[in-house]
Amino acid sequence: MTRRHDAVLIAAIVAAFALVSLGGEAFDAIGLASWFLMIVLVSMSILHPLAATYAAVVALAAAASGAVALALVLRSGAHGAIGLSLGAFATSCVMWRALERLSSLSRTGGWLVLAVPLFFGVWLIYLWELVTVGFAIPSVLLPPPSQIAGVLASSLGVLGEDFVQTFIRSMIPGYVIGCGAGFLVGVLVDRVPFLQRGLLPVGNLVSALPIVGIAPIMVMWFGFDWPSKAAVVVIMTFFPMLVNTIAGLAALGRIERDLMRTYAASYRQTLLSARLPAALPFIFNALKLNSTLALIGAIVAEFFGTPIVGMGFRISASVGRMDIPLVWATITVAAVAGSAAYGAVALVERSLTFWHPSFRKAS
Amino acid sequence: MMMDETIGTAPARSSRRRTRREGSVLPVLAVVLALIVIWYGGAVWLNAASVLDRYERAGRQGWSTSELLADTMSMERPVLPAPHQVLSELQRTVVDVPVTSRRSLVYHGWVTVSSALLGFVFGTLLGIVLAVGIVHIRTLERSLMPWIIASQTIPILAIAPMIIVVLGSLGFVGLVPKAIISAYLCFFPVTIGMVKGLSSPDPMHLDLVRTYNATTAQIFWKLRWPSSLAFLFASLKVAVALAMVGAIVGELPTGAQAGLGARLLSGSYYGQTVQIWAALIVAAVLAGLCVGAVGLAERVTLYRMGGRA
Amino acid sequence: MDDLPAPQSEVTRPAAGGAPAAVEIHDLNLVFDAADAPVRALSEVNLTVGKGDFVSLIGPSGCGKTTLLRVIADLEHATSGTVLVNGVTPEAARLARAYGYVFQAPALYAWRTVLRNITLPLEIMGLPRDERLQRARRVLELVNLTGFERKFPWQLSGGMQQRVSIARALSFDPALLLMDEPFGALDEIIRDHLNEQLLRLWQRTGKTVVFVTHSIPEAVFLSTRIVVMSPRPGRIIDVIDSRLPPDRTLDIRESAEFAEIAHRVRAGLRAGHSYDDG
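Residue numbers run consecutively from 1 along every chain, following the written order of its sequence. Lettering of chains starts at A and numbering of ligands starts at 1, both following the order in which they are written. Selection of residues for local features in this predicted model requires a pLDDT of at least 70, selection of side-chain atom pairs for listing and counting requires 80 or more, and totals for whole chains, interfaces and linings are taken over all residues.

A. Region of interest: the overall build of chain A. Within chain A one finds 14 helices and zero strands. In chain A, the order of α-helices and β-strands from amino to carboxyl end is α-α-α-α-α-α-α-α-α-α-α-α-α-α. The globule rule puts the C-alpha radius of gyration for 363 residues at 21 Å, and the 27 Å found for chain A is more than 25% above it. Here the C-alpha coordinates of chain A stretch approximately 80 × 55 × 30 Å along the principal axes. For chain A, the proportion of contacts with a sequence separation of at least 24, taken over those separated by at least 6, is 76%. Where helices and strands are cited, they refer to DSSP runs of H or I of at least four residues and of E of at least two residues respectively, numbered from the N terminus. Based on C-alpha atoms, the radius of gyration is set beside the globule rule, defined as 2.2 Å times the residue count to the power 0.38. Working definition of a contact: two residues with C-beta atoms, positioned from the backbone, lying within 7 Å.

Here it is in structure tokens:
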């Protein structure tokens, strides 16, 4: 085990030295110092293994100094495919080791569990910036994160309006109506097993279909503006919710159902006190799934025709003008909005279904 | 006490499938029949306004209900085409036309399905590789999994246009860009399902195999892989449907000439409602066929593994 | 429990013999339609359970003891024969909430606290809130779980969960308790402890109990009558009256009287081919 870890670090050191010998002149004083700091810290951790927490901190510090050094080199305008690759490789090895240390630390849980994917994400963005700037990749192809951030900052007004149009006006009403209708129909159908047996396969089939295809039809029925997009969202979210409600209502165990029978409980009492709570995990599964489907539906529906506002419009218009950084900025807004929606649903789920085995660490 | 399975994750309970299928043929038919009736009703209701409009402009004084009904169901550009209109359009573009012609929906369907299937294969392979990595390398699990889950909140379909255009400017047109979109949509359910499946063996089984001093590879091929197959097929069914969606959406942005998405787009530009519906039906049927094919493969595999078919 | 009125009026009719019987079963038959051939789960079963009795049904798997209990509870329907619970049909008894049922698994709702799990039947029966809480606290005390009101079921051990389940069955004060192998999933040490607690509970509350088990010591320790059943078809082989002293503790299991009764039970099981292979 240790040998494999050391091999990674040794590879990093070799690459680091290779970089210095090849392109040492590209480093300025501070950069060179950072780079050597990284080499020193890495050698230290190979020769003198430390306790887990210290080792993680050392590894992170090493990766950070390597990253700073490379960033400074780039800022000074140096290029060079081999050098950059060596540098990226070396620092990535060190970062990987840091992540390994962190993830073995995070076994105890707590905030460390979040730290690992967070650092990983930050590292990916750093590499992205490094590669796009260092290899001079045309921004039409893949813009660097710094440029995207700049465009985002300068287009906040436009993006804000797009957000309101797509997220607030199209997605949310559609989501609420679609999920609500799916739930209600699922409950109504619960009393008629014949309908259930018919609707479940049909519902499963329909949720697998490319629903976005009905967007042009919705435009024809409801016009260009947000109602047609909301209608697409309604249809997209209805079926997963219906299928999961039906499955959830059937989830109560046989013993629990017999228990209600021994209490001579009415249908309504059984539904409210036993079957609906047991159905909540399924219902939230659908709600989470629908939160991503709804956003996708609202945006893609706008590809089919929309007034000149909306995230989907912004994307297709920007693509037409080859303004790719703006496309990425819109995607960032959409991603943040989508994650926030999903996270909100997940939080509500956690508070309402805290009792479910998947949330309990004990079992 | 209660099942903690949720839909779309754990595999179907195959032992109850036969009885359930026997009981569900009739209800499904009944529901489909009811839907067709509602469809006809909707067509009449939605088209009536424009038919009455037309009567007024033509100066007709009296009209009988049966005339109205007949006219609502045979409009050129209906708000909602009646089922038989769609059927005759399907007949026209599927049956009556040679498969290689550009007017054939079979041709367009093939264009879409081929890129969907290519993307499906890539996405599945990527998903399986990622899942194997995640299950065996803990660092990968801790750092990558949250991002994989987060990736689904990024509406990839929304950046389909960009991918198409960017790759187009690099010289990749046609099949490959659409396949990439489909692959991106596919890999997520496969990854999630396989991670669940590969980690599904009972700790008891894992302990047993360790007492045999089995290597990681042996444990993988003899224990983890067979246990994951049920999960794999459940994810494949979701993935193949998503691949179809990806291929269709990939045809939208650049005004592609071929494919079902292109037909949808041109139908919407020229107000050809019946064309839109026909393309949708073909897309639905193809998606259903793909899912059915995966289901068939699933049953064959599980049967050969001793599952109760 | 005695000063609170029962939530539903108990419907009783004295049996022919004078003293009202809790359960009367005459010529009960139950045939299941299985895939290959019909299964005679119960065949010509005749049984009378008097008020205040503790009757155990014992036998191997498949002998119909659980089925018999479920027929009494109106969870299964007989093919032929009559069953009277408190003098009325099982369905009427169920609608009148005349019995409390305890399953093999605790069947507690994970989203309700212990206290709210116990008040579940009381909510369904429409009792006012204060009375519900009062009753719930009282039965919790009966099963020695005071202080656990706000815990969730998954925070309790298996034995404690089962005690909550028993408390829940007692909360609406039914005269009849039907228990289907309630301690089957627990280890023997906890089981012994709970057996003793159940015995005291029964003596204190004076309920009629019909108890399904496949543990001979458990049946002999707890019961006033032991009904030995055997499978294929499910039928009663023997009914044994047991008169162990009421102040008995677990030590009585080493006495000669105990051994004699247990021996009779085993003889009945052997006669019913319960010890044969297949």
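Still to come is the rest of the account.
B. The domain arrangement of chain A, seen in detail. Segmenting chain A into domains produces domain 1 (3-137) and domain 2 (153-359). Placing a centre on the C-alpha atoms of domain 1 of chain A and another on those of domain 2 of chain A gives a separation of 42 Å. Segment limits for the domains were obtained from an automatic or database-derived domain assignment.

C. Structural detail: the sheet that holds strand β7 (residues 208-213) of chain C. Residue and element names in this part refer to chain C. Each pair of strands is called paired provided DSSP finds at least two bridges between the two strands. Judged by pairing direction, the sheet is mixed, and its six strands sit side by side in the order β5-β6-β7-β3-β8-β9 without closing on themselves. The sheet is open, and its two edges are formed by β5 (99-102) and β9 (235-241), each paired on a single side. When the angles between neighbouring strand axes are averaged without regard to direction, this sheet yields 15°. Sheet topology places strand β6 (residues 176-180) next to β7; five bridges connect them, and they run parallel. Bridged to leucine 178 within β7 is valine 210. The axes used here are C-alpha line fits, helices contributing only the stretch in contact, and every angle between their N-to-C directions lies in the interval 0 to 180 degrees.

D. Inspection of the packing of helix α6 (residues 156-169) of chain B against helix α7 (residues 175-198) of chain B at higher detail. All names here are of chain B. Between α6 and α7, the least distance of the axes is 9 Å, while the angle of their chain directions is 150°. It follows from the interaxial angle that α6 and α7 lie roughly antiparallel. For the element pair α6 and α7, the recorded crossing hand is right-handed. Counting all contacts with α6, which are made through Ile156, Ala160, Ile163, Ile164, Leu167 and Gly168, the residues of α7 involved are Val176, Pro177, Ile180, Ile181, Tyr184 and Leu185. In this count, Pro and Cys sit with the nonpolar residues alongside Ala, Val, Leu, Ile, Met, Phe, Trp and Tyr, while Asp, Glu, Lys and Arg are called charged and the others, Gly among them, polar. In the contact of α6 with α7, the residues fall into eleven nonpolar, one polar and no charged. Each angle is binned into one of four classes, with values under 35 degrees roughly parallel, values over 145 roughly antiparallel, values of 65 to 115 roughly perpendicular, and all other values oblique. When the near helix sits turned anticlockwise from the far one by under a right angle, the crossing is termed left-handed; a clockwise turn instead gives a right-handed crossing.

E. Quick peek at the pairing of strand β8 (residues 225-230) of chain C. All names here are of chain C. The buried count for β8 comes to five of six residues, which makes it a mostly enclosed element. Looking at chain direction, strand β3 (residues 54-58) and β8 are connected through four bridges and run parallel. Bridge pairing in β8 links valine 55 to arginine 225. Inspection of the sheet shows β8 paired to β9 by six bridges, in the antiparallel sense. What sits directly across from valine 227, in β9, is valine 239. Counted between consecutive antiparallel strands, the loop separating β8 from β9 contains four residues, among which arginine 232 sits at a positive phi close to 50°. Three exposure classes are used, based on other C-beta atoms lying within 10 Å of a residue's own C-beta, which is placed from the backbone: buried for 20 or more, exposed for 12 or fewer, and partly exposed in between.

F. Broad picture of the interface of chain A and chain B. On the side of chain B, 52 residues touch chain A, which itself brings 62 residues to the contact. At the level of elements, α4 (81-105), α5 (112-134), α8 (193-208), α9 (215-222), α10 (226-249), α12 (267-301), α13 (311-320) and α14 (324-352) of chain A are the ones that each hand at least two residues to the side of chain A that touches chain B. A per-class count over the side of chain A that touches chain B returns 45 nonpolar, 15 polar and two charged.

G. Structural detail: the packing of helix α10 (residues 260-269) of chain B against helix α11 (residues 273-304) of chain B. All names here are of chain B. Two elements in contact, α10 and α11, have axes separated by 8 Å at closest approach and are oriented at 160°. Comparing the axis directions of α10 and α11 gives the class roughly antiparallel. As α10 runs across α11, the sense of the crossing is left-handed. Touching Leu260, Arg263, Leu264, Gly267 and Ser268 of α10 are Gln275, Ile276, Ala279, Val282 and Ala283, all from α11. Class assignment of the residues belonging to the contact of α10 with α11 gives a composition of six nonpolar, three polar and one charged.

H. The arrangement of the pairing of strand β1 (residues 21-32) of chain C in detail. Residues and elements named next belong to chain C. Summarising the sheet, β1 and strand β2 (residues 39-50) pair through eight bridges and their orientation is antiparallel. Within β2, the residue paired with leucine 30 across the bridge is leucine 42. Across five bridges, β1 lies against strand β4 (residues 80-85) in antiparallel orientation. Opposite glutamate 24, over in β4, you have leucine 84 as the bridge partner.

I. Inspection of the sheet that holds β1(C) at higher detail. Residue and element names in this part refer to chain C. Strand order in the open sheet made by the three strands is β2-β1-β4, with antiparallel pairing throughout. With one partner strand each, in any of the chains shown, β2 and β4 form the two edges of the open sheet. Across this sheet, the average inter-strand angle for adjacent strands is 15°, counted without regard to direction.

J. Molecular detail of the nonpolar core. Think of a nonpolar core as buried Ala, Val, Leu, Ile, Met, Phe, Trp, Tyr and Cys residues chained together by C-beta atoms that fall within 7 Å. One finds A:Val94, B:Ala158 and B:Met244 to be the most contacted residues of the largest nonpolar core, which totals 257 residues. Lining this core are residues from two domains, each supplying at least three of them: domain 1 (3-137) and domain 2 (153-359) of chain A. For A:Val94, the residues in contact, after removing those within four places along its chain, are A:Ala12, A:Met38, A:Val42, A:Ala59, A:Ala62, A:Ala63 and A:Gly66.

K. Summary view of the environment of B:Gly292. Residues and elements named next belong to chain B. By the element assignment, glycine 292 lies in helix α11. Overall, glycine 292 belongs to the partly exposed group, with 13 C-beta atoms counted inside 10 Å. Along the chain, glycine 292 and isoleucine 148 lie 144 residues apart, while their C-alpha atoms are 27 Å from each other.

L. Summary view of the confidence of the model for chain C. All names here are of chain C. The predictor rates its confidence in each residue with pLDDT, a number between 0 and 100. Mean pLDDT over chain C stands at 87; residues scoring 70 or higher make up 92%. Considering only residues more than four positions removed or in separate chains, one finds that residues 1-18, a stretch of pLDDT under 50, has 29 contacts. Listed scores for the predicted complex are pTM 0.79 and ipTM 0.80.

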